[in-house]
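As a plain string of letters, each chain reads:
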Amino acid sequence: MTDAHSIRITVNGTEHELAVEPRRTLADVLRHDLAYTGTHVGCEHGICGACTVLVDGLPARSCLMFGVQADGRSVETVEALGTPEELGPLQQAFTDHHGLQCGFCTPGFLMLVTAFLRETPSPTDEEIREVVASNLCRCTGYQGILRAVRAAADDGAGS
Amino acid sequence: MSYVGSRVGRLEDPRLLTGAGRFADDEDRPGQLWMRVVRSQVAHAMLGAVDTSGALALDGIRAVLTAADVSLPPIPVRVSPDPSDLLAYLQPVLAQGRVRYVGEPVAVVVADDPYQAEDGADLVAIDYAELAPVRDARAACGAGAPQLFHRLPNEVAVVTASFGDVAAAFRDAAHVVELDVVIGRQTAVPIEPRSLLAEWDEAGQSLDVWGATKVPHFNRRVIAEVLGIPPAQVRMHWCDAGGGFGVRGELYPEDILVAYLARLLGRPVKWTEDRAEHLVAVNHSRDQAHRIAGAFDSGGRLLAIRDEIWHDNGAYIRTHGLTVPELTVSMLPGPYRMASFEATAHVAVTNKTPCGTYRAPGRYEGTFARERMLDTAASVLGIDPVELRRRNLLGPGELPCDRSMRALGTDVVLDEGDYPGLLERAMTESGYLSWVQEARERRCASRLVGTGMAVFLEKSGLGPYEVAEVQVDHAGRVQVTVGGTSLGQGIETVLAQIAADVLGVCLDNVRVIAGDTEMLGDGVGSWASRSTVVGGSAVLRAAEATGALARQAAAVLLGAGDAELRLAGGRVNLASAAQAGSQGQPGERGGPAAVSVTLGEIAAALADRPAGTDLPPGPLGARREFSVDHMTYPYGVHLAQVEIDPGTGAIRVLRYFVAYEVGHAINPATVEGQLVGGALQGIGGALFEEVAYSPEGQPLTASLIDYLLPSAHEAPDVGTLVTEDYPSRSNPLGAKGAGEGGITAVGAAIASAVGDALGTPSVPTRLPITPERVCQLIDDAQRRICSLFEVADSSEDVLLGNGLGADSITVPERLDKLSVLGDGFVTGSCHLRSLRERLPEQAHESQQQG
């Protein structure tokens, strides 16, 4: 590795210290250095949103951020939202409303909407569609995703 | 309560929702190296020197190879009746002597990490002696076109399908309608890029592969052949896959390179493509030009269809052989009655990425051509487009219908159904007539709103067979392994529903593993909407055999002789005892004779069977193969309402409805999910998506900024009607595949609605219907109107503003002829109404019915 920088990143509450090249994306750091493989990479140019994670509470395309830019920051990924045995409220809404099929884009939507509902606990349908339109899904036609977010918001998933 | 037929939650969801899915790129192996492919930057050139010295000198580079360093067979054909005359057009794993499309693999670099591999790839210098590129199929077939292959024609094959006497039909026809349509080049774009990882075990002389899907057993056979080892020595591991849609899982050059390099270097080799690479490397599809004609009698009855197709197959023939052109010609008649039919597809190679199947291959294209021809005929004949379809759809009494044609090596025999009946139900359920009325009112308020529809036929449940195995462990848990693969369509849930019902166990007790070649040595795969129909039937048979074995064993364990035994609650129960309601425990404390035994206990009993017992041989399970020689034919209707912004030409889909007959919906929720997802993909293909090339053959859409996928903004609420009126006789489930009907007719229905909005029923004739093309249509229509009025009646003031005009095949001389062309005029002034009054009664009345 050429000139590695040592960085400290807190991911889902756990602090990690590691050395990374400056050009290594945050997505690669999370997926291949820290084994948080729930974050997915779909395009590497910031369009599909599958790589969305929260950095200090705000949604970010981790394929467009370098790992060194996350030094000293707190990152939240899909692994923090629940477990297969006990899904979080938003995750439960996604399965109840068939809001996923292949599941590759799903972590990106979950993190995007998690931040959105925290900020806007009772959004209008138009606001939900506006946010969901930030990411791409190729399987569901978005109908199940929109219904899931509506149901999660109505059940107070944001508070 | 039976699981089959109910909307159970998906078993796949918990892992996919919590980041616990296992996608190929999630897998990393110790000592792993990374592969990067060096791709041609030029569309057509003789290949000169390839200088790899710069790359080899870079830190971390383990190998740089070109075609000169390896001797690998070309990519074989997987699906095509007779590939023998295609062999010369097959794609080499690495380019040899000539490059034929931008993106073609020329060299491969292996390094310690993916960043270094990419650095190395950038240092490989390739000399090109550029040649003129061939830009499309028609040009490729033309005289004097540059030849892609030495002493071989660019026209690889001519694929035909026909019945009856087409020449006579057109000679005697009262009306002939002919038009040219074009379906742009498109590709599936699953959100997960491809990823492959291979690991060689020298001691075991075996290879493990992660990332295979769709047809793992076929790919395994080819890779084993390349490595010269038996297929059983290659294990294709089960993986989650981020969408398939036809393009993911076929064998590509990278599949062979990863396996070859893993053995050559003795270390695991991983390759994950980026999106720009995916858009030039993975199969493209569609890209057809049709000259289609319909012959009609005076009563608007369809006598014959004739279609000549130029199919742009890209630079090489890949695993699909001639599948797409063959499906195009054999499925073109769709659900309609006609005495004669002839379709001829010229399959040509061009200097673009090679093509394969993409959801509803051949049918998306053929439905667009056919339904555009019918809309045009309706306008020319002065018959309402719905009425024209009613007159020409095969009725229930005419099914099954042997088309005396073949598709994918099977006879095309359309099974029972009620095409006109579904059309009526779709229009009623959706409220289509109110859509039409609303659109007409808005047009009178100068808004470009229109409605359209298309009726189509699909095909599914392709054989030859699928294999499934059911096993019950000592805890009573059921494991199902099947040859298909999980691509997001939910087969783990659907197949578990089938097994759980047969064995009387609860759904959470069933685990389905799809596409792992170690756990199931043989299988065919998941494509062409066959997983539920063929795979599901294999699971049904295997579960039935397991249930029978369990009952046979229970009879011995319970000493029940031949008393009736029932499977329920994870147990085998004496039917009589179950009625009496007693629930004794087997063989404890001398209580009443045992009346039931759990499947787990039976599995244990069969596992350590004492000598001389009457118990049947274990283990508790069975493996079955289900084969089928006929496809089964789902059919459907798509209805659309759109609005066009006259200023920008942008189209918004206001309403969309899909009705589809699937014989038996194992899980209605996942079927509806397929229809809605397919519809959105179809809207992308109808309005936004096109792989464009420059005149020099450079791809102009190598990112998602240029190849536009629809987002939630562009997604209408898609209504669905799933009917189960005609269960298929080709399989015991009665099921027809539901994976493709959501996309098949979207191009046709939306084009029909756009034509209605513009008052030009016979256009648009080209997909995608981009804003630029809509603006062009508006300008054309206005110019025609202006010329029309000057010809017909100079006293009329010319339509102004965003007025749109008549559509015409031939410019009518007199004003009253204008009325035949439909009522879709929009004008800024009250002119519209004055035109309306002139409509002769007949055309006016038929419009009301519409």
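Residues numbered from 1 in each chain as written. Chains lettered and ligands numbered in written order. Predicted model: local features only at pLDDT ≥ 70, side-chain atom pairs only at ≥ 80, totals over all residues.

Draft legend 1. Quick look at the overall build of chain A. When helices and strands are counted, chain A shows 5 helices and 5 strands. For 159 residues, the compact-globule formula gives about 15 Å, and the C-alpha radius of gyration of chain A, at 16 Å, lands near that figure. Principal-axis analysis of the C-alpha atoms places the extent of chain A at approximately 50 × 30 × 30 Å. For chain A, buried positions account for 57% of its 159 residues. (Helix = DSSP H or I, 4+ residues; strand = E, 2+ residues; numbered from the N terminus. Rg over C-alpha atoms; globule rule 2.2 N^0.38 Å. Buried ≥ 20, exposed ≤ 12 C-beta atoms within 10 Å, placed from the backbone.)

Draft legend 2. Local environment of the overall build of chain B. Each helix and strand counted, chain B has 23 helices and 29 strands in total. Referenced to the eigenvectors of the C-alpha coordinate spread, the extents of chain B come out at roughly 105 × 80 × 50 Å. For chain B, buried positions account for 58% of its 850 residues. Considering only residue pairs separated by 6 or more positions, chain B has 80% of its internal contacts joining residues 24 or more positions apart. (Contact = placed C-beta atoms within 7 Å.)

Draft legend 3. Geometry of the interface of chain A and chain B. Between chain A and chain B, the residue contacts involve 46 residues of the former and 48 residues of the latter. Secondary-structure elements contributing two or more residues to the side of chain A that touches chain B are α2 (89–96), α3 (106–119), α4 (125–132) and α5 (143–154) of chain A. Of the residues in the side of chain A that touches chain B, the class split is 21 nonpolar, 19 polar and 6 charged. (Nonpolar A, V, L, I, M, F, W, Y, C, P; charged D, E, K, R; others polar.)

Draft legend 4. Molecular detail of helix α3 (residues 114–122) of chain B. Residues and elements named next belong to chain B. Where α3 is concerned, the buried positions are Gln116, Ala117, Gly120 and Ala121. Projected onto a plane normal to the axis of α3, the buried residues spread over an arc of 140° and lie on a single side. Each element contacted by the buried residues of α3 is listed here: β1 (33–39), α2 (53–56), β3 (61–66) and β5 (105–111). (Arc of directions from axis to C-beta.)

Draft legend 5. Inspection of the sheet that holds strand β19 (residues 465–472) of chain B at higher detail. Residue and element names in this part refer to chain B. Judged by pairing direction, the sheet is mixed, and its 4 strands sit side by side in the order β21-β20-β19-β25 without closing on themselves. In the strand order of this sheet, the two ends are held by β21 (510–514) and β25 (621–627), each with one partner. Along the sheet, successive strands turn relative to each other by an average axial angle of 15°, direction set aside. In terms of strand pairing, strand β20 (residues 478–482) meets β21 through 5 bridges, oriented parallel. The residue of β21 that forms the bridge with Thr481 is Ile513. Its contacts with the sheet put helix α14 (residues 491–503) on β19, β20 and β21, and the angle it makes with β21 is roughly 135°. (Pairing = 2+ DSSP bridges. Axes fitted to C-alpha atoms, helices over the stretch in contact; angles between N-to-C directions.)

Draft legend 6. Spatial organisation of the environment of Gly484(B). Residues and elements named next belong to chain B. Mapped onto the elements, Gly484 comes out in the loop between β20 and α14. The class of Gly484 is buried, set by 32 C-beta atoms lying within 10 Å. Through-space distance from the C-alpha of Gly484 to that of Gly48 is 43 Å; in sequence the pair is 436 residues apart. With near-sequence residues (within four places) excluded, Gly484 lies in contact with Glu466, Ile491, Ala514, Gly515, Gly525, Ser526, Ser531 and Gly535.

Draft legend 7. Representation of the nonpolar core within the structure. All names here are of chain B. Formed by 312 residues in total, the largest nonpolar core has its most connected members in Val109, Val480, Ala499, Val539, Ala554, Ile602 and Ile750. No other element matches the 13 residues that helix α15 (residues 531–557) contributes to this core. Once residues lying within four places of it in the same chain are set aside, the contact partners of Ala554 are Ala560, Leu565, Val572, Val597 and Ile602. (Core = buried A, V, L, I, M, F, W, Y, C linked by C-beta atoms within 7 Å.)

Draft legend 8. Structural context of the pairing of strand β14 (residues 302–312) of chain B. Residue and element names in this part refer to chain B. Counting buried residues along β14, 10 of its 11 residues qualify, which places the element largely inside the surrounding structure. Where strand β13 (residues 285–296) and β14 come together, 9 bridges link them in antiparallel fashion. Bridged to Ala289 within β14 is Trp310. In this antiparallel pair of consecutive strands, β13 and β14, the connection spans 5 residues, and Gly300 shows a positive phi of 80°. The pairing of β14 with strand β15 (residues 340–348) spans 9 bridges and is classified as parallel. Each residue of the ladder has a partner; that of Ala304, found in β15, is Ser340.

Draft legend 9. Looking closely at the sheet that holds strand β10 (residues 206–210) of chain B. Residue and element names in this part refer to chain B. In space, the 7 strands of this open sheet follow the order β3-β5-β1-β12-β9-β10-β11, with mixed pairing throughout. Strands at the two margins of the open sheet, each flanked by one partner only, are β3 and β11 (234–236). Adjacent strand axes in the sheet meet at a mean angle of 20° when their direction is disregarded. Across 3 bridges, the pairing between β10 and β11 is parallel. Across the sheet, Leu207 pairs through a bridge with Val234, a residue of β11.

Draft legend 10. A look at unusual backbone geometry. Residues and elements named next belong to chain B. In the segment running from Val763 into Pro764, the intervening peptide bond is cis, with an omega of 0°. Looking at where Pro764 falls in the secondary structure, it is placed in the loop between α19 (746–758) and β29 (766–767). Cis geometry is adopted by the peptide bond preceding Pro768, which originates at Leu767 and carries an omega value of -5°. When you line up the elements, Pro768 lands in the loop between β29 and α20 (771–792). Even without being a glycine, Ser529 presents a positive backbone phi close to 50°.

Draft legend 11. Structural view of the packing of helix α18 (residues 668–688) of chain B against α19(B). All names here are of chain B. Following both chains from N to C, one finds α18 and α19 inclined at 55°, their axes separated by 8 Å at the closest point. Taken as axis vectors, α18 and α19 run oblique relative to one another. The chirality of how α18 crosses α19 is right-handed. From α18, Ala679, Gly682, Ile683, Gly685, Ala686 and Leu687 reach across to α19, where they touch Val746, Gly747 and Ile750. Of the residues in the contact of α18 with α19, the class split is 6 nonpolar, 3 polar and no charged. (Parallel < 35°, antiparallel > 145°, perpendicular 65-115°, else oblique. Left-handed = near helix turned anticlockwise from the far one by under 90°.)

Draft legend 12. Spotlight on the confidence of the model for chain B. All names here are of chain B. On average, residues of chain B carry a pLDDT of 90, and 90% of them reach 70 or more. Below a pLDDT of 50 lies the segment residues 582–591, which in the model reaches 13 contacts outside its immediate sequence neighbourhood of four places, other chains included. pLDDT under 50 marks residues 791–850. Its contacts with residues more than four places away, or in other chains, come to 107 contacts. Scored as a whole, the predicted complex attains pTM 0.92, and scored at its interfaces, ipTM 0.98. (pLDDT = per-residue confidence, 0-100.)

Draft legend 13. Spatial organisation of the pairing of strand β3 (residues 52–55) of chain A. Residue and element names in this part refer to chain A. By the bridge criterion, 4 bridges tie β3 to strand β4 (residues 58–61) in an arrangement that is antiparallel. Opposite Thr52, over in β4, you have Arg61 as the bridge partner. A loop of 2 residues connects β3 with β4, the two strands running antiparallel in sequence, and Asp56 in this loop sits at a positive phi of about 50°. Here 2 bridges tie β3 to strand β5 (residues 74–76), and the two strands are oriented antiparallel to one another. Paired with Leu54 across the bridge in β5 is Glu76.

Draft legend 14. Structural view of the environment of Gly103(A). Among the structural elements, Gly103(A) can be located in the loop between α2 and α3. Distance from Gly103(A) to Asn12(A), taken between C-alpha atoms, is 21 Å for residues 91 residues apart in sequence.

Draft legend 15. Quick look at the packing of helix α10 (residues 363–381) of chain B against α19(B). Residues and elements named next belong to chain B. Here α10 crosses α19 at 30°, and the two axes come no closer than 8 Å. In this view, α10 runs roughly parallel relative to α19, as classed from their interaxial angle. Between α10 and α19 the crossing geometry is right-handed. Contacts between α10 and α19 involve Tyr364, Thr367, Phe368, Glu371, Arg372 and Asp375 on the former and, on the latter, Gly747, Ala748, Ala751, Ser752 and Gly755. Broken down by class, the residue content of the contact of α10 with α19 amounts to 4 nonpolar, 4 polar and 3 charged.

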